[in-house]
Amino acid sequence: APAADSDTSADSADHGFAKIGSVLVSSSYRAGEYTLLFGCGVNVANRLPTTSINSVIREYNSAHGAGLATLPVEKALALITAKFEELYRQFLVRGFEPLLKLYYKNWLHSGQAVTLADRSYEKARVVGLDPTDGQLQVRSVASPGTVYSLQPDGNSFDMLHGLISRKA
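Here the residue numbers are simple positions, counted from 1 along each chain's written sequence. With pLDDT at 70 or above as the cut-off, local features in this predicted model cover only qualifying residues; side-chain atom pairs require 80 or more to be listed or tallied, and sums for whole chains, interfaces and linings still use all residues. By convention in this description, side-chain values take in all heavy atoms of the structure and omit both hydrogens and water.

A.B. asks: What's the story with a nonpolar patch on the surface in this structure? I'm lost.
C.D. replies: Taken together, Phe38, Phe84, Tyr88, Phe91, Leu92, Val93 and Phe96 make up a surface patch of nonpolar side chains, about 680 Å² in accessible area. Secondary structure is summarised from DSSP: a helix means a run of H or I of at least four residues, a strand means a run of E of at least two, and numbering begins at the N terminus for each. With 5 residues, the single largest contributor to the nonpolar patch is helix H2 (residues 73–94). In this fold, phenylalanine 91 is placed in helix H2. In this scheme, a residue with accessible area under 20% of its type's maximum is buried, one over 50% is exposed, and one in between is partly exposed, where area comes from a 1.4 Å probe on protein chains only. Here phenylalanine 91 falls in the partly exposed class, since its relative accessible area comes to 35%. Surface patches are defined over residues having more than 30% relative accessible area and no salt bridge, joining like charges when they lie within 9 Å and nonpolar side chains (Val, Leu, Ile, Met, Phe, Trp, Tyr) when within 5 Å. Using the Shrake-Rupley algorithm and a 1.4 Å probe, accessible areas are obtained, with residue cover drawn only from the displayed protein chains. Counted as salt bridges are all cases of a side-chain nitrogen of Lys or Arg within 4 Å of a carboxyl oxygen of Asp or Glu.

A.B. asks: Whenever I open this one, helix H1 (residues 53–64) confuses me. Can you help?
C.D. replies: Residues lying three or four places apart along an α-helix face the same way, a consequence of the helix completing one turn every 3.6 residues. Every helix has an expected span of 1.5 Å times one less than the residues it contains. With 12 residues, H1 extends 16 Å from end C-alpha to end C-alpha; this agrees with the ideal 16 Å at 1.5 Å per step. Those residues of H1 not exposed but buried are Asn54, Ser55, Ile57 and Asn61. The buried residues of H1 occupy one face: seen down the axis, they fall within an arc of 160°. H1 presents Ala63 and His64 as exposed residues on the side facing more than 90 degrees away from its buried surface. Note on H1: the residue one or two positions beyond its end, glycine 65, has a positive phi of about 60°. Within this analysis, the arc is defined by the directions that extend from the helix axis to the C-beta atoms.

A.B. asks: What am I meant to see in unusual backbone geometry here?
C.D. replies: Peptide bonds are, in most cases, trans, and in most cases residues other than glycine have a negative phi. Positive phi values are uncommon outside glycine, yet alanine 31 reaches one of about 55°. Assignment of secondary structure puts alanine 31 in the loop between strand E2 (16–30) and strand E3 (33–42). The exposure class assigned to alanine 31 is exposed, which follows from its relative accessible area of 78%.

A.B. asks: Just to check I follow, could you spell out the side chain of serine 55 for this structure?
C.D. replies: By the element assignment, serine 55 lies in helix H1. Under the rule applied, a polar contact is a pair of N or O atoms within 3.5 Å (in protein, one hydrogen donor and one hydrogen acceptor; residues adjacent in sequence only if both atoms are side-chain atoms). Reaching out from serine 55, the side chain makes a polar contact with the side chain of serine 52 at a distance of 3.0 Å.

A.B. asks: Mind showing me how you'd approach the pairing of strand E6 (residues 136–140) here?
C.D. replies: Looking down a regular strand, the side chains alternate between one sheet face and the other. A large share of E6 lies buried, amounting to 4 of its 5 residues. The pairing of strand E5 (residues 122–129) with E6 spans 5 bridges and is antiparallel. Bridge assignment links glycine 128 to a residue of E6, and that residue is glutamine 137. Joining the antiparallel neighbours E5 and E6 is a turn of 6 residues, in which glycine 134 adopts a positive phi near 80°. If DSSP finds at least two bridges between two strands, the strands pair. Of the strand pairs in this sheet, E6 and strand E7 (residues 147–150) are connected by 4 bridges, and their pairing is antiparallel. Counted as the bridge partner of valine 138 is tyrosine 148 from E7. Between E6 and E7, which pair antiparallel in sequence order, lie 6 residues.

Now the structure itself:
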């Protein structure tokens with residue numbers, strides 16, 4: 001089944017932009033029905049291996065003399081679930097386009113340099129997502145007129161290292 005994932009980052013004084021969460025969606029189609037399996041993970045309280053929401057709050061408080069409260073895990077879960085329900089209802093009424101605009105507003109990968117391992121380690125830059133099917137699109141550096149659409153179920157995306165390779 002096709003799967004797509006997306007990372008969430010935080011700006012941390014100790015780590016710069018650091019991954020604090022990820023979303024994974026797997027889909028299938030059978031007998032006229034789509035099934036989506038949605039998973040979400042957010043580092044609320046563990047300061048390692050990178051940082052967490054609460055670590056960023058503590059850093060902010062220390063740097064600015066502020067007194068923001070840390071986020072309890074239960075409240076984070078409630079906020080994420082409520083927001084997901086809101087976005088899902090919006091999707092049912094208005095489709096994918098308004099969500100794509102919101103996604104790009106928070107997305108860090110536009111213009112990111114990547115290496116395509118299955119294309120003789122060709123260098124490319126991330127263009128965005130195909131609005132019709134959600135595939136990641138990258139533009140060849142050597143041949144700027146060439147844009148590749150990469151299927152998430154057939155590729156492994158290591159965006160921290162800028163490497164895209166075919167799954168074994």
